[in-house]
Amino acid sequence: MIGLTEAVVRFGPRTILDRLSFVVPVGRTLAILGPNGRGKTTTLKAVLGFQRLDAGSRTAPDIVGYVPQTASSNQRYRAIDVVVMGRAAHLGLFGQPGPDDFDIAHAALERAGASRFAGHFFDRLSGGERQMVLLARALATGSAALVFDEPAAALDLHNQERLLTLLNGLRALRDKAIVFTTHDPNHALAAADDALLMMPDGQSLFGPVMETITPGHLERLYGVPMRIVDLPGPGGDPQRAVLPAFAGIRAA
Amino acid sequence: MATVTQELTTPVVRPHLARQTAAFAVLLVLLAVAVVASLCVGRFSVPAGRALELIWQGITDPARDLTEIDERIVLLVRAPRVLLAALAGAGLAVSGAALQGVFRNPLVSPDILGISQGAAFGGALAIMLGIWGFPLIAMVFLCGLAALILVGLLSRINGRTETVTVILSGLVISSMFSAVVSLLQFVADPNTSLPAIVYWLMGSFATATWDRTLVAAPGLVIGAFLLWMLRFRLNILSLDEAEARSLGANTSLERWLVFGLVAVIVGSQVAVSGIIGWIGIVIPHAARLIVGHDHRTLLPASVLLGAGFMVIIDTIARTATAAEIPLGVITALVGAPIFTLLLRHHYRERAGS
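No experiment lies behind these values; they were computed from the predicted model shown.

**A look at the overall build of chain B**
Secondary structure summary: chain B contains 14 helices and two strands in total. Against the 2.2 N^0.38 benchmark of 20 Å for 353 residues, chain B shows a C-alpha radius of gyration of 21 Å, consistent with a compact globule. Across its three principal directions, the C-alpha atoms of chain B cover 70 × 55 × 40 Å. Out of the 353 residues in chain B, the part that is buried amounts to 51%. Long-range pairs, those at least 24 residues apart, make up 73% of the contacts in chain B between residues at least 6 apart in sequence. Roughly 15,400 Å² of accessible area belongs to chain B as shown, and the carbon and sulfur atoms make up 71% of that amount. The positive charge centre, built from 22 side chains, and the negative charge centre, built from 19, are 7 Å apart in chain B.

So this is what it looks like as structure tokens:
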């Protein structure tokens, strides 16, 4: 289980998080949506324990599997050596990863669909491939909580599809509490059970996707008129999609 | 699915391992050749077989009286010097490798934390006050540590320490101490203490004896050993702050542990052989080209390469001319071009990828 209770974060005179509460039990996935600068990243940092709370509390396991948007190390490691770093918390300060840890790392790479990159240099992989390796590292921690920072932000449509499939695969096993941030409400519809809408007025709305991802709420969220359409999905069953009704659409 | 994984990963992983093993074999041979050569060459040259025989006798029967001249030269003059050079080179190289990892900056070296300059100040002050021997070493070590603590205090802003403020504080403390060292040189007696300070600052193993080697050895060996123990943790610390913390590292505490170990190593080295630049920056880069960036292999490779390189440099320093050339001069003359080549190689490769 991972979440915040009545969390308050202030930067100087600005209150970024105002008594924010949400909870993600094991087996559920939460999508956090909000306009730029509203505090999505601060929320993630607070959940991960990197952001000091001015009030309120945080619920999280000791180690949270964290999947950053990009890895910033300038070091050239092989992908498998990046993934085995997920074992660090189990190994302690002077510990070295052994065969068991490498087995866990290989299994995590396989689960993330990135086995074929194991021996490749991480810095030579594409953005989407790196993300799969970083996901494998988060899985290798063995944590029951996974936190993704804007996982779709730098991905093309094909890779977004692949990411959402992966997220859904993890969700289907119902053995993790998953949190991700996104700019696209369709990602919440596609891969989340719950959504947290961080409104521009400082309020926030937390609840099941079907109740929170509605045109009215999204118009408040982004200040753009929104439409919801039901389309036949790839399997023939109806699939819900959210579209912004930009000026161009009205003109047409 | 598992068998498919095996097939896909094995071809990439296996040559990696074979390459690493070969690289370490070459580094070991290089170090062994450098050590034996250094024991043999000099104004009084000793055949390699005889040198090894003498070393063996020295190890098996250390209490024996040394009567022959070649015994005395190899066991009392060259052996402690070679050992000290090897330990110092290994210590500086492994410190550089660890710091570059922790700072995520390939241009960082042990000098950057102000330790070298702080230690230099301690040594210069001791020489000026006429203090020699163990008290000098103690002063050097304490001043190096004091410089590190000053950097720590200066870089701590609102209870948090950012990497960039550590580097900037290191620069500030370094230049402050080097200014004070210049001041000491300015007021030092030009007939006695000034030449001693200048020569000491330039770095040399010429004064190496078993006593001095044994004074420096514990700090160098223990410091390097503990850094080597931290090799996997250094991989974690080389990630960005949030990633490292999410993987369970207490980043600020662990960074200071690394800095402290580097202070022990550099302080021990500077105390007995003055400031030796470039090793801590050139050797880790060269080692990275040979065995890759993973600290689990980078640290041992840096130890072997640093030890071998330092022994070779020291041998050149004492044999190239009739008088000893200061080490700092040779490491800079050799190190600067090598570093330029490495840097150009690095960026050309990066631009190509």
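**Topic: the nonpolar core**
Core analysis: the biggest nonpolar cluster contains 161 residues, and Ile213 of chain A together with Leu227 of chain B have the highest contact counts within it. With sequence-adjacent residues up to four places away left out, leucine 227 of chain B is seen in contact with Val94, Ser95, Ala98, Leu234, Val258, Leu261, Val262, Ile265 and Leu299 of chain B. In terms of nonpolar packing, the next biggest core, distinct from the first, is built from 26 residues, Val9, Leu30, Val147 and Met198 of chain A among them.

**Thoughts on the packing of aromatic side chains**
The full count for this structure, using the stated rule, is seven aromatic pairs over all chains. On the basis of an interplanar angle of 85° and a centroid distance of 6.3 Å, the ring pair of phenylalanine 50 of chain A and tyrosine 66 of chain A is categorised as edge-to-face. With phenylalanine 50 of chain A in the loop between helix H1 (40-48) and strand S4 (55-59) and tyrosine 66 of chain A in strand S5 (residues 65-67), this residue pair connects regions lying 16 residues apart in the sequence. Taken individually, phenylalanine 50 of chain A and tyrosine 66 of chain A each receive the classification buried, so the pair is uniform in this respect. Pairing phenylalanine 103 of chain B with phenylalanine 259 of chain B gives two aromatic rings, centres 5.4 Å apart and planes at 15°, and the pair type is stacked. With phenylalanine 103 of chain B in helix H3 (residues 69-103) and phenylalanine 259 of chain B in helix H11 (residues 251-273), the pair connects residues that are 156 residues apart, well separated along the chain. Note on phenylalanine 103 of chain B: relative accessible area 6%, which makes it buried. The rings of Phe103, Trp256 and Phe259 of chain B are connected pair by pair, giving a single aromatic cluster. Positioned over the ring face of phenylalanine 121 of chain A is arginine 76 of chain A, at 5.3 Å from the centre of the ring. The ring of tryptophan 228 of chain B has arginine 231 of chain B sitting right over it, with the charged end atom 4.0 Å from the ring centre.

**As for the pairing of strand S8 (residues 194-198) of chain A**
Residue and element names in this part refer to chain A. Burial of S8 is extensive: five of the five residues sit out of reach of the surface. In S8, alternate side chains face the same way, and those of Asp194, Leu196 and Met198 on one face and Ala195 and Leu197 on the other are all buried. Across four bridges, strand S3 (residues 29-33) lies against S8 in parallel orientation. In the sheet register, leucine 33 faces S8, and the bridge partner there is leucine 197.

**Section: the interface of chain A and chain B**
Between chain A and chain B, the contact holds 39 residues from the first and 40 residues from the second. Buried area between chain A and chain B, both sides added, is near 3,300 Å², and the carbon and sulfur share of it is 58%. For the pair chain A and chain B, the interface holds two salt bridges. For aspartate 81 of chain A, the salt bridge is made with arginine 296 of chain B, and the minimal N-O distance between the two is 2.9 Å. Remark: the boundary between chain A and chain B carries eight residue pairs in polar contact (both at pLDDT 80 or more). For the side of chain A that touches chain B, a count of residues per class yields 18 nonpolar, 14 polar and seven charged.

**Digging into the pairing of strand S11 (residues 238-244) of chain A**
Here seven bridges tie strand S10 (residues 226-232) of chain A to S11 of chain A, and the two strands are oriented antiparallel to one another. Counted as the bridge partner of methionine 226 of chain A is proline 244 of chain A from S11 of chain A.

**Section: the packing of helix H4 (residues 115-128) of chain B against helix H5 (residues 134-155) of chain B**
Residues and elements named next belong to chain B. Contact pair H4 / H5: the axes reach a minimum separation of 7 Å and the direction vectors enclose 145°. When you trace H4 past H5, the crossing you get is right-handed. Across the interface between the two elements, Ile115, Gly118, Ala119, Phe121, Gly122, Gly123, Leu125, Ala126 and Ile127 from H4 touch Leu136, Met139, Val140, Cys143, Gly144, Ala147 and Leu148 from H5. Here the residues of the contact of H4 with H5 are counted per class, giving twelve nonpolar, four polar and no charged.

**Quick notes on the UniProt feature "transmembrane region" (unreviewed entry) in chain B**
All names here are of chain B. Annotation from UniProt places "transmembrane region" (unreviewed entry) at residues 22-42, 82-103, 123-154, 166-187, 217-236, 256-283, 295-313 and 325-343. In residues 82-103, the share of helix is 100% and the share of strand is 0%. The end C-alpha atoms are 31 Å apart. The span residues 295-313 is 100% helix and 0% strand, and its two end C-alpha atoms sit 25 Å from each other.

**Structural notes on the pattern of salt bridges**
All names here are of chain A. This model, assessed by the stated rule, comprises 23 salt bridges over all chains. Its salt-bridge partner being arginine 111, residue aspartate 175 comes within 3.5 Å of it at the nearest N-O pair. Note that aspartate 175 is positioned in the loop between helix H6 (157-173) and strand S7 (177-182) and arginine 111 in helix H4 (residues 99-111), a separation of 64 residues in sequence. We classify aspartate 175 as partly exposed; its relative accessible area is 32%. For aspartate 230, the salt bridge goes to arginine 240, with nearest N and O atoms at 3.6 Å.

**Some details on the sheet that holds strand S6 (residues 145-148) of chain A**
All names here are of chain A. Spatial ordering of the open sheet is given by S5-S6-S7-S3-S8-S9, a layout of six strands whose pairing is mixed. The outermost strands of the open sheet, each flanked by one partner alone, are S5 and strand S9 (204-208). Neighbouring strand axes in the sheet, compared pairwise and without regard to direction, differ in orientation by 15° on average. Bridge count between S3 and S7: five bridges; the pairing is parallel. Across the sheet, alanine 31 pairs through a bridge with phenylalanine 180, a residue of S7. Of the strands in this sheet, S3, S8 and S9 touch helix H9 (residues 215-222), which is tilted by about 40° from S8.

Cut-off values and rules
Residues numbered from 1 in each chain as written. Chains lettered and ligands numbered in written order. Predicted model: local features only at pLDDT ≥ 70, side-chain atom pairs only at ≥ 80, totals over all residues. Heavy atoms only, no water. Helix = DSSP H or I, 4+ residues; strand = E, 2+ residues; numbered from the N terminus. Rg over C-alpha atoms; globule rule 2.2 N^0.38 Å. Buried < 20%, exposed > 50% of the residue type's maximum accessible area, 1.4 Å probe, protein only. Contact = heavy atoms within 4.5 Å. Areas by Shrake-Rupley, 256 points an atom, 1.4 Å probe, with all protein chains shown as cover. Lys, Arg positive; Asp, Glu negative; His and termini not counted. Charge placed at Lys NZ, Arg CZ, Asp CG, Glu CD. Core = buried A, V, L, I, M, F, W, Y, C linked by side-chain atoms within 4.5 Å. Phe/Tyr/Trp six-rings, centres within 6.5 Å; stacked < 30°, edge-to-face > 60°. Lys NZ or Arg CZ within 6 Å of the ring centre and 35° of its normal. Pairing = 2+ DSSP bridges. Buried area = accessible area lost by both parts, 1.4 Å probe. Salt bridge = Lys/Arg side-chain N within 4 Å of Asp/Glu carboxyl O. Polar contact = N/O pair within 3.5 Å; in protein donor to acceptor, adjacent residues only side chain to side chain. Nonpolar A, V, L, I, M, F, W, Y, C, P; charged D, E, K, R; others polar. Axes fitted to C-alpha atoms, helices over the stretch in contact; angles between N-to-C directions. Left-handed = near helix turned anticlockwise from the far one by under 90°. UniProt positions renumbered as here; feature names shortened; annotations may be inferred.

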